[in-house]
Amino acid sequence: MARTLCLLICLSEALFCSDIFWFSYKIVTANSVVIYEEKNIAPLSVPYEGKNQFLCDIDFINDKNISKHQFVKTHFDAILPCFYQQQSHLISWNEKRQKQSTDRVELIIEPIRFTVDFKDEFATISTIR
């Protein structure tokens, strides 16, 4: 039963998930130390039509055995700077009491749809609007 469910999930992802992905990111620092980080990349199962807008290129050695979903998950840190120019929120607190100072910074990059296209020796990241 569990094996059948797992196969059904894998098959549905392969059949119904397109090459469109969903990206969001949040990081929180306190006194310049990262205390929380949330990385989200997921394939979209609902088709979406829109205009592609170029974001960036990422150099990589093409491995034919890797899926696009696995590529974006393993190369998250290389993809992240591409999304810095997108809509984001920066919240900063700074408290000073006597001789003690504490600060807290939150950076939130809003969820956005994107695609990955593989070329010879690089991957092109584009947003969909």
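Overview of the structure. (Residues numbered from 1 in each chain as written. Predicted model: local features only at pLDDT ≥ 70, side-chain atom pairs only at ≥ 80, totals over all residues. Heavy atoms only, no water.)

Taken as a whole and assessed by the stated rule, the structure comprises 7 aromatic pairs. Residues phenylalanine 23 and phenylalanine 83 carry aromatic rings whose centres are separated by 3.9 Å and whose planes lie at 10° to one another, so their mutual orientation is stacked. With a gap of 60 residues between them, phenylalanine 23 in strand E1 (residues 20-30) and phenylalanine 83 in the loop between helix H3 (76-79) and strand E4 (88-97) connect regions that are remote in the sequence. Phenylalanine 23 sits in the buried class, given a relative accessible area of 0%. For phenylalanine 83, a relative accessible area of 0% puts it in the buried group. Taking the centre distance of 5.2 Å and the plane angle of 70° together, the rings of phenylalanine 83 and phenylalanine 114 count as edge-to-face. Highlighted residues: phenylalanine 83 in the loop between H3 and E4 and phenylalanine 114 in strand E5 (residues 100-118), separated in sequence by 31 residues. (Phe/Tyr/Trp six-rings, centres within 6.5 Å; stacked < 30°, edge-to-face > 60°. Helix = DSSP H or I, 4+ residues; strand = E, 2+ residues; numbered from the N terminus. Buried < 20%, exposed > 50% of the residue type's maximum accessible area, 1.4 Å probe, protein only.)

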